[in-house]
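Tertiary structure, described
As a plain string of letters, each chain reads:
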Amino acid sequence: MKFDIKKLNPSELLSMYRSLLLPRLIEDKMLILLRQGKISKWFSGYGQEAISVGATLAMTEDEYILPMHRNLGIFTTRQVPLHRLFAQFQGKVSGFTKGRDRSFHFGSKEHHLVGMISHLGAQLGVADGIALAHQLKGQQKATLVISGDGGASEGDFHEALNLAAVWQLPVIFLIENNHWGLSTPSSEQFNMKTFTQKGPGYGIQTRQADGNNLLEVYHTVQEAAETIRQQPQPILIECMTFRIRGHEEASGTKYYPEGLIEEWSKKDPISNFESFLKDKKILSEEKSEAIKSELNQQISEAINLANEEELVKAETNKEVNDLFASYQPKITIPKSRRKNTLRFVDAISEGLKQSLIRYPELVVMGQDIAEYGGVFKVTEGLVETFGKNRIRNTPICESAVLGAALGLSIQGMKAVVEMQFADFVTCGFNQIVNNIAMSHYRWGQLADVVVRMPTGAGVGAGPYHSQSTEAWFFHTPGLKIVYPSNPYDAKGLLNAAIEETNPFLYFEHKALYRSKTQNVPQDYYTVEVGKAKYISKGEDLTIITYGMGVHWAMDILEELDDIEADLVDLRTLVPWDKTTVEQSIKKTGKAIILHEDNLTGGIGAEIAAWIGEYCFLSLDAPVMREGSLDTPVPFAKRLEDNFLPKNRFKEKLIELHQF
Ligand SMILES: Cc1ncc(C[n+]2csc(CCOP(=O)(O)OP(=O)(O)O)c2C)c(N)n1
């Protein structure tokens, strides 16, 4: 193995040697702890240390790195205190996730590290967002994100590279090509020879390095980082290497052809670098032994510290409270009494505009949202006022953009992401439910993201442009959901969602955009999240609904003038307003829940169950529910009308009234 020292002096080379040794020595200890049952799982980086260490040394300390499961060397080279690292592995409090996530699944802003989630590929879009923030703030910084060769088969890899290429984001995508993804060889993973062939397809530069050669990795990453600091753009670096041990310790290496481990062992990054330093008389055997024993000593002390620490205590309140960043809502009332008659769609636009003025760090992203104004024209005119940097047309890649939104939050910015239709959120589902929703609970990182969801049926748009998707997210801890039914709430709730630093899904019904008009205050104001509103009051029964359901219920109550109902518009679905619901049922003794979503597993099921459990003594009738049929949303008008619950709701309402 040839080493090119370029301008590195002996003391720098020795320091690099120490950095390279440390993860190997730690891993040796971890294998013992694993056998003793002190840690639960271990993903080996054995033989791949030069990539983690070389790449980290090549970045400046304040540049973000997003490591993967074999990158212990990134954490050690960034000088994450070892006792905290070991506490993290053991699920103890002085780790980085209060025992809530394992091994390398954590970030530390102090160390400019954003750890992975288990889902391969999800980190790549987040790196785009971090780099976008640098670009918007005019900071000349590179961001480095790692992917394995196997993980690069994920769609997220394509999306993130493409997005970075189109936006010329200063990201280094470093592929650790160890030729295997768990037991699957490259030949069953992809059909190109090397990853360097991929760059040109995306219009980005590529480099290749011997991943077992510390100095080659270091120089390659350093040159790439310097290039993109000066001229922002993504660069793909492929580092060729091999994983000497199994995927994780329990899974073995039986699938490797005979002789492969021996062949690669000759290319071991540590022994080769050590021999080179010894040949150059920079390192002696005694010095090498002294460094190893000093590092081993440090490791043992840190392990002892972590071992001595108490096991984490389970406190339910703490667990639940950490789901969201604590936030004291400040309800802003309009400064003046001035009002405009606005359609639902205009109210959303106005809220967005006023929030963009209020928060210079807010970026809006979505498909066709800039000059075109979005398919529903919600963002019309915004690009003229706020410019292309803040009103960003995106390629068609929901996952990367949602990942980028989280990346912006990591950099202290705010993001609103428009789904062109709520249906397409499926293509970004992972980023929402696994990354954005869990971020605060796992490592205390804000996900200051609002996802706008043009939703709902009744417009003859068929199964893929009409779905109600709120229940998917209602079930996911860590997301707040608002769903206004009128222009006043649409503006106030959007402002409130953007103001709050927690992640929100904001549902806006397409059929309301141009059909509902209201007098809406001209000034900025917010509507309290988590507060339902009485649309009408009555003694007979309680209707609990939201979105289009509010209008269906109003229409039917108008038809049935013998029914006097409390009509409760939930407005917020997470957290939904139990107090108002309970208060109303105590008075009426009867409750029916209506929603446009399919009946089974809809939000009504949860609310009905809660009423059954907590309002039982107030009830004079069974809790009833109505929702859409349990089928996809059909296209033809008669089928769609039949699918939607309005008519069935009328019958149920009469039944409940007569009970
Ligand atoms: C989305 C997703 N699918 C499957 C897995 C399970 N899994 C974890 S690591 C791994 C292999 C990854 O291979 P590669 O990206 O080449 O990295 P390496 O383990 O070789 O370093 C698999 C299949 C996962 N974590 N995420």
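Structure's up top.
Re the overall build of the protein chain
Assigned secondary structure in the protein chain consists of 24 helices and 21 strands. At 28 Å, the protein chain has a C-alpha radius of gyration in line with the 26 Å of a compact globule built from 659 residues. Summarising its shape, the C-alpha atoms of the protein chain cover approximately 95 × 55 × 50 Å along the three principal directions. Expressed as a percentage of its 659 residues, the buried residues of the protein chain come to 60%. Long-range pairs, those at least 24 residues apart, make up 79% of the contacts in the protein chain with a sequence separation of at least 6. As presented, the protein chain carries roughly 26300 Å² of accessible surface, and 51% of it is formed by carbon and sulfur atoms. Where the 70 positive side-chain charges of the protein chain centre and where its 82 negative ones centre are 3 Å apart.

Focus: the site of the ligand
In the neighbourhood of the ligand, 15 residues make up the surrounding shell, with R70, S118, G150, G151 and W180 lying closest. At a separation of 2.7 Å, an oxygen atom of the ligand approaches a polar side-chain atom of R70. Within the backbone of S118, a nitrogen or oxygen atom sits 2.8 Å from a nitrogen atom of the ligand. Compared with its free state, where it exposes 580 Å², the ligand has 72% of that area covered by protein. Each residue belonging to the shell around the ligand can be placed in one class, and the counts come to three nonpolar, nine polar and three charged.

Section: the packing of aromatic side chains
Taken as a whole, this structure holds 29 aromatic pairs when the rule is applied. A ring pair is formed by F242 and W264, whose centres lie 5.6 Å apart and whose planes are at 20 degrees; its orientation type is stacked. Of this pair, F242 sits in the loop between β7 (235–240) and α9 (260–265) while W264 sits in helix α9, and the two are 22 residues apart along the sequence. What makes F242 buried here is its relative accessible area of 1%. In textbook terms, an aromatic cluster arises when at least three aromatic residues are bridged by ring pairs, as seen for W42, F75, F86, F89, F96, F104 and F106. Sitting over the face of the ring of W264, K267 holds its NZ or CZ atom 3.9 Å from the ring centroid. Positioned above the aromatic ring of Y372 is the side chain of K377, whose terminal nitrogen or guanidinium carbon lies 3.5 Å from the ring centre.

A closer look at the sheet that holds strand β6 (residues 205–210)
What the five strands build is an open sheet, ordered β1-β2-β3-β7-β6; its pairing is parallel. In this open sheet, the two edge strands, each paired with only one partner strand, are β1 (65–66) and β6. Here β6 pairs with β7 via six bridges, running parallel. Residue Q205 lies in a different strand from β7, and its bridge partner there is I235. Across the face of the sheet, helix α2 (residues 49–58) comes into contact with β1, β2 (143–148), β3 (171–177) and β7 while running at roughly 165 degrees to β3.

A closer look at the pairing of β7
Taking burial as the measure, the six residues of β7 include six buried ones, the bulk of the element. A two-sided burial pattern is seen for β7, the buried positions comprising I235, I237 and C239 on one face and L236, E238 and M240 on the other. Where β3 meets β7, six bridges bridge the pair, whose relative direction is parallel. Its bridge partner being in β7, E176 is matched across the sheet by C239.

Some thoughts on the pattern of salt bridges
A full pass over the atoms with the stated rule returns 33 salt bridges. Salt-bridge contacts for E508 lead to R452; the nearest nitrogen and oxygen are separated by 2.8 Å. You can see E508 sitting in strand β14 (residues 504–509) and its partner R452 sitting in strand β12 (residues 449–455), a full 56 residues away along the chain. With respect to burial, E508 and R452 carry one shared label: buried. Members of the salt-bridge network, linked through shared partners, are K98, R100, E319 and D322.

Quick notes on the environment of S183
Assignment of secondary structure puts S183 in the loop between β4 (180–181) and β5 (184–185). For the pair S183 and G252, spaced 69 residues apart in sequence, the C-alpha separation works out to 9.4 Å.

With respect to the packing of helix α6 (residues 155–167) against helix α15 (residues 398–410)
At a minimum axis separation of 8 Å, α6 and α15 run at an interaxial angle of 65 degrees. Compared by their axis directions, α6 and α15 come out roughly perpendicular. Handedness of the α6/α15 crossing: right-handed. Contact residues: α6 offers D156, E159, A160 and L163, while α15 offers E398, S399, A400, V401 and A404. Of the residues that constitute the contact of α6 with α15, the class distribution is five nonpolar, one polar and three charged.

Brief notes about the sheet that holds β14
Strand order across the open sheet formed by seven strands is β10-β9-β11-β12-β14-β13-β19, with mixed pairing between neighbours. In the strand order of this sheet, the two ends are held by β10 (391–393) and β19 (572–574), each with one partner. Going across the sheet, the axis of each strand differs from the next one's by a mean of 20 degrees, ignoring polarity. Summarising the sheet, strand β9 (residues 362–366) and strand β11 (residues 414–418) pair through five bridges and their orientation is parallel. Residue pairing for β11: V364 is matched across the bridge by V416.

A word on unusual backbone geometry
The omega torsion across V574 and P575 is -5 degrees, close enough to zero to call that bond cis. When you line up the elements, P575 lands in the loop between β19 and α21 (578–588). In the Ramachandran plot, H112 falls in the positive-phi region, its phi being about 50 degrees despite a non-glycine side chain. Residue position: H112 is located in the loop between α4 (82–89) and α5 (122–136).

Side note on the nonpolar core
M365, M453, F473, L505, I544 and I611 are the most contacted members of the largest nonpolar core, which totals 81 residues. Tallying contributions element by element places α15 first for this core, with eight residues. For M453, the contacting residues outside a window of four places in its chain are M419, A422, V425, T469, F473, L505, Y506, F507 and E508. Residues L31, F86, I235 and A302 belong to the second largest nonpolar core, which totals 67 residues.

Criteria and thresholds
- Residues numbered from 1 in each chain as written.
- Predicted model: local features only at pLDDT ≥ 70, side-chain atom pairs only at ≥ 80, totals over all residues.
- Heavy atoms only, no water.
- Helix = DSSP H or I, 4+ residues; strand = E, 2+ residues; numbered from the N terminus.
- Rg over C-alpha atoms; globule rule 2.2 N^0.38 Å.
- Buried < 20%, exposed > 50% of the residue type's maximum accessible area, 1.4 Å probe, protein only.
- Contact = heavy atoms within 4.5 Å.
- Areas by Shrake-Rupley, 256 points an atom, 1.4 Å probe, with all protein chains shown as cover.
- Lys, Arg positive; Asp, Glu negative; His and termini not counted.
- Charge placed at Lys NZ, Arg CZ, Asp CG, Glu CD.
- Near = heavy atom within 4 Å.
- Polar contact = N/O pair within 3.5 Å; in protein donor to acceptor, adjacent residues only side chain to side chain.
- Nonpolar A, V, L, I, M, F, W, Y, C, P; charged D, E, K, R; others polar.
- Phe/Tyr/Trp six-rings, centres within 6.5 Å; stacked < 30°, edge-to-face > 60°.
- Lys NZ or Arg CZ within 6 Å of the ring centre and 35° of its normal.
- Pairing = 2+ DSSP bridges.
- Axes fitted to C-alpha atoms, helices over the stretch in contact; angles between N-to-C directions.
- Salt bridge = Lys/Arg side-chain N within 4 Å of Asp/Glu carboxyl O.
- Parallel < 35°, antiparallel > 145°, perpendicular 65-115°, else oblique.
- Left-handed = near helix turned anticlockwise from the far one by under 90°.
- Core = buried A, V, L, I, M, F, W, Y, C linked by side-chain atoms within 4.5 Å.

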